[in-house]
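As a plain string of letters, each chain reads:
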Amino acid sequence: MRKNKVLSGEWVLSNGKIYDPYQNKFLKGDLLINNGKIHKIGTINKKNINVIDCSGTIITSGFIDVRSHFRQPGSGYNETMKSGVMAAMAGGYTTVCVMSDTDKPLDSPESIKYIIDKSKELPISILPIGSLSVNHKGKELCEFGHMVQEGAVAFSDSEIPIRNSQFLRYALEYCNMYNIPIINYSKDIDMSHEGVVNESIISTQLGLKGLPDMSESTIVFRDLMIAEKTQGNIHIAMVSTKQSIDIIRGFQKKGVRVSAEATPHHIVFNENAVSHYNTNAKVYPPLRTEKNRKAIINAIKSKVISCIASDHSPHSSEDKEKDIKHAPFGTIGLESAFSASYTELIKNNLEVTDIIKLFTSGPKDAFHLNTELIKIGSNVSLTIIDPNKDWTFSESDIYSKSQNSLMLGMKFKGRVELTISGKNAFGYF
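Asker: Explain unusual backbone geometry to me, please; I cannot follow it from the model alone.
Answerer: Of all residues except glycine, most have a negative phi; of all peptide bonds, most are trans. Cis geometry is found at the peptide bond from Tyr284 to Pro285, where omega equals -5 degrees. Within the fold, Pro285 resides in the loop between α9 (264-268) and α10 (290-301). Positive phi values are uncommon outside glycine, yet Asn35 reaches one of about 50 degrees. For Asn35, the location among the structural elements is in the loop between β5 (30-34) and β6 (37-42). Overall, Asn35 belongs to the partly exposed group, its relative accessible area being 42%.

Here it is as structure tokens:
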């Protein structure tokens with residue numbers, strides 16, 4: 001059972017391998033932390049000091065999530081800031097970028113300030129992704145400059161795609177002033193109308209309207225054409241198709257400022273997961289064919305996709321227990337993101353260090369974030385993982401207020417043992 005603990009005074013993290021993903025090297029020795037700061041790296045000779053034995057583990061930089069929904073501001077029914085943070089720390093995250101939700105857009109400097117102020121009470125960093133347009137209507141640009149000043153790290157209309165190409169052009173040109181990315185929802189609304197699952201033989205068998213591959217890739221191509229013209233900075237979220245990957249790769253080779261992410265559920269599952277009307281497998285983009293799933297893994301290996309985002313999307317049991325046509329899209333993912341991704345990617349010959357980068361340096365570079373480094377004097381922001389731990393993900397491992405996890409019952413290799421942010425630690429002691 002995981003526990004919360006405040007690490008006051010001096011503590012030694014001993015016998016673990018220290019890996020710095022930002023320098024891409026292992027550091028020798030143990031880590032001495034003192035009241036939330038890294039005090040020494042190397043041989044620790046002090047006696048009568050608190051010790052956390054990290055034998056068999058890797059001590060690395062705290063994970064960063066570039067896409068989570070905490071449903072804030074909101075009622076707190078599906079998630080609160082506190083429960084979202086607990087879920088994040090269980091998954092090894094010390095920084096979470098929260099999306100602007102459809103019904104409560106973060107479309108003003110005041111709403112960004114609200115999230116930043118709320119996060120000051122919390123043990124990890126919560127960074128708001130501001131709305132791209134007022135009320136997500138795609139008609140009036142938000143006050144980017146003032147929102148950046150208050151702490152916005154990117155702009156997106158969340159699950160509402162920008163349909164007006166000229167509006168997206170203006171947004172990319174405007175964002176160039178602040179060197180932060182725009183994230184558009186890669187969904188052609190007209191092509192996707194009332195779609196539920198991937199368009200394929202399975203959608204036909206289930207009697208459900210399909211979401212074609214092209215509904216994603218056509219928008220990706222349009223967006224990158226505009227980004228190339230404006231020299232804008234764009235991030236492609238939740239890539240799910242080979243066509244999209246091929247387009248992104250081509251624009252990256254041309255020097256367009258584009259980064260891309262994948263989700264753990266698109267790495268692990270194909271469309272067969274929804275074949276028994278499993279509403280937890282109803283996600284957007286939909287789970288695609290095995291060919292597309294393998295293309296995502298290959299894109300990770302070739303670094304076309306540089307980060308993994310949890311796309312943590314909490315929904316109540318009542319909503320997810322509706323029939324699949326009317327149940328909402330989304331699965332929670334913070335607690336299981338690393339283990340699910342690691343379990344699948346090591347089978348495909350990725351090194352543990354390469355997988356760690358997908359949760360650290362990849363997100364940092366995509367969103368141009370300032371993060372705490374593993375060096376003397378830095379604030380403690382550490383994730384300790386056991387790469388050889390075999391375990392089964394169950395409801396007791398969920399700290400979100402919602403239980404809509406597609407990963408329940410799965411057997412994983414690799415587990416986050418402990419997350420330390422400042423003086424706050426959460427994990428197995």
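Here the narrative resumes.
Asker: I'm lost on the pairing of strand β9 (residues 63-68) in this one. Help?
Answerer: Two faces belong to every sheet, and in a regular strand the side chains alternate between them. Summarising burial for β9: 6 of the 6 residues are buried, a large majority. In this fold, the crossover linking β9 to strand β10 (residues 93-98) by way of helix α1 (residues 81-90) has right-handed handedness.

Asker: What should I look at first to understand α10 in this one?
Answerer: The end-to-end C-alpha distance of α10, which contains 12 residues, comes to 17 Å, matching closely the 16 Å that a straight helix rising 1.5 Å per residue would cover. Lys303 lies just past α10 and shows a positive phi near 70 degrees.

Asker: Would you mind going over the pairing of strand β21 (residues 424-427) with me for this structure?
Answerer: Bridge count between strand β1 (residues 3-6) and β21: 4 bridges; the pairing is antiparallel. Within the sheet, the bridge partner assigned to Lys3 lies in β21 and is Gly427. In this structure, strand β20 (residues 411-421) lies alongside β21, joined through 4 bridges in antiparallel fashion. Looking at β21, one finds that Leu418 is bridged to Gly427. Between β20 and β21, which pair antiparallel in sequence order, lie 2 residues; one of them, Gly422, sits at a positive phi of approximately 65 degrees.

Asker: Explain the domain arrangement of the chain to me, please; I cannot follow it from the model alone.
Answerer: The extent of an interface is frequently quoted as the accessible surface area lost upon association of the parts. Once the domains are mapped, the chain shows domain 1 (3-59 + 376-395 + 409-427) and domain 2 (62-367). Placing the centre of domain 1 and that of domain 2 at their C-alpha centroids yields a distance of 29 Å. Contacts between the two partners involve 26 residues from domain 1 and, on the opposite side, 29 residues from domain 2. Linking domain 1 to domain 2 there are 0 salt bridges. Those elements giving two or more residues to the side of domain 1 that touches domain 2 turn out to be β19 (381-392), β20 and β21. For the side of domain 1 that touches domain 2, the leading source of residues is β20, giving 9 residues. Residues belonging to the side of domain 1 that touches domain 2 are distributed by class as follows: 15 nonpolar, 8 polar and 3 charged.

Asker: Can you help me understand the sheet that holds β6 in this one?
Answerer: Strand-to-strand pairing in sheets goes through backbone hydrogen bonds, with the strands running parallel or antiparallel. A sheet is described by the order of its strands in space; here 4 strands give the open sequence β6-β5-β2-β7, paired in mixed fashion. Unpaired on one side and paired on the other, β6 and β7 (50-53) mark the two borders of the sheet. Looking at each pair of strands side by side, their axes are set apart by 20 degrees on average, direction ignored. By the bridge criterion, 5 bridges tie β5 to β6 in an arrangement that is antiparallel. Residue pairing in the sheet places Ile33 in a bridge with Ile38 of β6.

Asker: Explain the packing of aromatic side chains to me, please; I cannot follow it from the model alone.
Answerer: Geometrically, a pair of aromatic rings is defined through the distance of the ring centres and the angle of the planes. A complete count under the given rule lists 17 aromatic pairs for this structure. For the ring pair Phe144 and Phe155, a centre distance of 4.1 Å and an interplane angle of 15 degrees mean the geometry is stacked. Residue Phe144 is found in helix α3 (residues 144-150), and its partner Phe155 is found in strand β12 (residues 154-156); the two are separated by 11 residues along the sequence. Side by side, Phe144 and Phe155 carry an identical accessibility label, which is buried. A ring pair is formed by Phe338 and Phe359, whose centres lie 5.6 Å apart and whose planes are at 70 degrees; its orientation type is edge-to-face. With Phe338 in helix α12 (residues 337-347) and Phe359 in the loop between α13 (352-358) and α14 (361-367), the pair connects residues that are 21 residues apart, well separated along the chain. Its relative accessible area of 1% is what places Phe338 among the buried residues. Pairwise contacts between aromatic rings join Phe63, Tyr93, Phe338, Tyr342 and Phe359 into one cluster. Residue placement shows Lys187 over the ring face of Tyr284; its charged tip is 4.7 Å from the ring centre. Positioned above the aromatic ring of Tyr428 is the side chain of Arg415, whose terminal nitrogen or guanidinium carbon lies 3.9 Å from the ring centre.

Asker: I tried to follow helix α2 (residues 109-119) on my own but got confused; where do I start?
Answerer: Note on helix geometry: an α-helix contains 3.6 residues per turn, so any two residues three or four positions apart are oriented the same way. Listed in full, the buried residues belonging to α2 are Pro109, Ser111, Ile112, Ile115, Ile116 and Ser119. Packed against the buried residues of α2 are α1, β10, β11 (125-130) and α3.

Asker: How should I be thinking about the side chain of Asn270 in this particular structure?
Answerer: Secondary-structure assignment places Asn270 in the loop between α9 and α10. What makes Asn270 buried here is its relative accessible area of 15%. Within polar-contact distance, the side chain of Asn270 engages the backbone nitrogen of Asn272 at 2.9 Å. In terms of polar contacts, Asn270 uses its side chain to reach the side chain of Glu290, at 2.8 Å. Discounting chain neighbours no more than four positions away, the residues touching Asn270 are Leu287, Arg288, Thr289, Glu290 and Arg293.

Calculation notes
- Residues numbered from 1 in each chain as written.
- Predicted model: local features only at pLDDT ≥ 70, side-chain atom pairs only at ≥ 80, totals over all residues.
- Heavy atoms only, no water.
- Helix = DSSP H or I, 4+ residues; strand = E, 2+ residues; numbered from the N terminus.
- Buried < 20%, exposed > 50% of the residue type's maximum accessible area, 1.4 Å probe, protein only.
- Right-handed = clockwise from strand over helix to strand, strands pointing away.
- Expected span 1.5 Å × (residues − 1).
- Pairing = 2+ DSSP bridges.
- Domains from an automatic or database assignment.
- Contact = heavy atoms within 4.5 Å.
- Salt bridge = Lys/Arg side-chain N within 4 Å of Asp/Glu carboxyl O.
- Nonpolar A, V, L, I, M, F, W, Y, C, P; charged D, E, K, R; others polar.
- Axes fitted to C-alpha atoms, helices over the stretch in contact; angles between N-to-C directions.
- Phe/Tyr/Trp six-rings, centres within 6.5 Å; stacked < 30°, edge-to-face > 60°.
- Lys NZ or Arg CZ within 6 Å of the ring centre and 35° of its normal.
- Polar contact = N/O pair within 3.5 Å; in protein donor to acceptor, adjacent residues only side chain to side chain.

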